[in-house]
Amino acid sequence: MVVDRFLLDFVNLRSESYTSGSRVPTQTFGTPQVDALRRDLTINSLFYNLRTGSVEDYTGLGVADVLNGYVRTPLDPHVTLLDDPLRALRCVRFGSRFSFEFDPDLMRACSDERIRDAVRKKVSRERVGAEVDLILKGGGRVGGVRLIARLGLSDVVFGRDVRWGVEVLGCLDDVRDGEGDAAVWLAGVLSG
């Protein structure tokens with residue numbers, strides 16, 4: 001729902017549990033604390049209390065991370081990303097869109113072979129493609145592709161081997177955000 005230029009999403013507070021073979025959780029009702037900790041990023045775990053008119057930060061990190069331009073997970077990043085490996089690309093999307101700095105533990109987790117393997121096994125190509133589309137349509141698309149390559153995710157995301165990711169970094173030095181159509185730009189990079 002759009003309210004005064006802002007897109008609002010209303011959902012119930014929930015708790016999630018995952019099985020090892022699926023990124024789709026079993027959901028039950030939860031508390032604000034449990035709901036905040038299950039989120040992908042601290043910056044996405046903030047609540048606005050309509051009654052009091054205040055922002056509630058149950059992780060204790062979300063407000064500071066927004067103000068300081070920092071991307072991190074509320075829980076251990078390995079746990080968060082293994083539960084739903086698509087979150088690795090969501091981290092890239094939010095980090096690149098806002099030019100936020102990545103937490104070093106999150107960088108290591110995104111680069112971990114267990115996470116890369118989980119993306120391959122648990123996330124459909126369609127969902128990967130949809131997230132890449134959001135990265136390319138948002139601000140910071142060059143930084144997003146650069147970050148995918150730096151994290152060693154280019155083979156998982158684009159179907160190219162890891163060496164290709166290093167080559168992409170060199171190609172991106174001359175490209176700036178906001179130049180041309182994102183799909184045409186990426187097609188050129190992938191065909192090069």
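Looking down a regular strand, the side chains alternate between one sheet face and the other. As paired strands, strand β5 (residues 46–49) and strand β6 (residues 54–57) are joined by four bridges and run antiparallel to one another. In the strand pairing of β6, Leu46 is matched with Asp57. Taking the residues between adjacent antiparallel strands as the criterion, β5 and β6 are bridged by four residues, where Gly53 takes a positive phi near 70 degrees.

Tracing the sequence through the fold places Val119 in helix α6 (residues 113–122). The buried category is assigned to Val119, whose relative accessible area is 5%. Residues Val119 and Leu89 lie 30 residues apart in sequence; the distance between their C-alpha atoms is 9.4 Å. Residues within four places of Val119 in sequence aside, it is in contact with Pro85, Val128 and Val156.

As a further point, take the pattern of salt bridges. Note that side chains of opposite charge can pair when their charged atoms are close. In the structure shown here, the tally under the stated rule is 14 salt bridges. When the shortest N-O distance is used, the salt bridge between Arg93 and Glu131 registers 2.4 Å. Taken together, the residues span a long stretch of sequence, with Arg93 in helix α4 (residues 87–98) and Glu131 in helix α7 (residues 125–137) at a distance of 38 residues. For the pair Arg93 and Glu131, one class covers both residues: buried. Each member of the salt-bridge network shares a partner with another, and the members are Glu113, Arg116, Asp117, Arg120, Lys121 and Asp155.

With that settled, the discussion passes to α4. Counted at 1.5 Å a residue, the expected span for α4 with its twelve residues is 16 Å, and the 16 Å between its end C-alpha atoms agrees. Positive backbone phi, at 55 degrees, marks Ser99, one or two positions downstream of α4.

Right, let's talk about the packing of α4 against α7 for a bit. Between α4 and α7, the shortest axis-to-axis distance is 9 Å and the interhelical angle comes to 5 degrees. Overall, the two elements α4 and α7 adopt an arrangement that is roughly parallel. Taken together, the residues of α7 that come into contact with α4 (itself represented by Leu89, Arg90, Val92, Arg93, Ser96 and Arg97) are Val128, Glu131, Leu134 and Ile135. Taken together, the residues of the contact of α4 with α7 sort by class into five nonpolar, one polar and four charged.

Right, let's get into the side chain of Thr73. Along the chain, Thr73 turns up in the loop between β7 (70–71) and α3 (77–83). Under the relative-accessibility criterion, Thr73 is labelled buried at 7%. A distance of 2.5 Å separates the side chain of Thr73 from the backbone oxygen of Leu75, its partner in a polar contact. Not counting the four nearest positions on each side in its chain, Thr73 is found in contact with Asp40, Leu41, Thr42, Thr80 and Leu106.

Conventions we followed
- Residues numbered from 1 in each chain as written.
- Predicted model: local features only at pLDDT ≥ 70, side-chain atom pairs only at ≥ 80, totals over all residues.
- Heavy atoms only, no water.
- Pairing = 2+ DSSP bridges.
- Helix = DSSP H or I, 4+ residues; strand = E, 2+ residues; numbered from the N terminus.
- Buried < 20%, exposed > 50% of the residue type's maximum accessible area, 1.4 Å probe, protein only.
- Contact = heavy atoms within 4.5 Å.
- Salt bridge = Lys/Arg side-chain N within 4 Å of Asp/Glu carboxyl O.
- Expected span 1.5 Å × (residues − 1).
- Axes fitted to C-alpha atoms, helices over the stretch in contact; angles between N-to-C directions.
- Parallel < 35°, antiparallel > 145°, perpendicular 65-115°, else oblique.
- Nonpolar A, V, L, I, M, F, W, Y, C, P; charged D, E, K, R; others polar.
- Polar contact = N/O pair within 3.5 Å; in protein donor to acceptor, adjacent residues only side chain to side chain.

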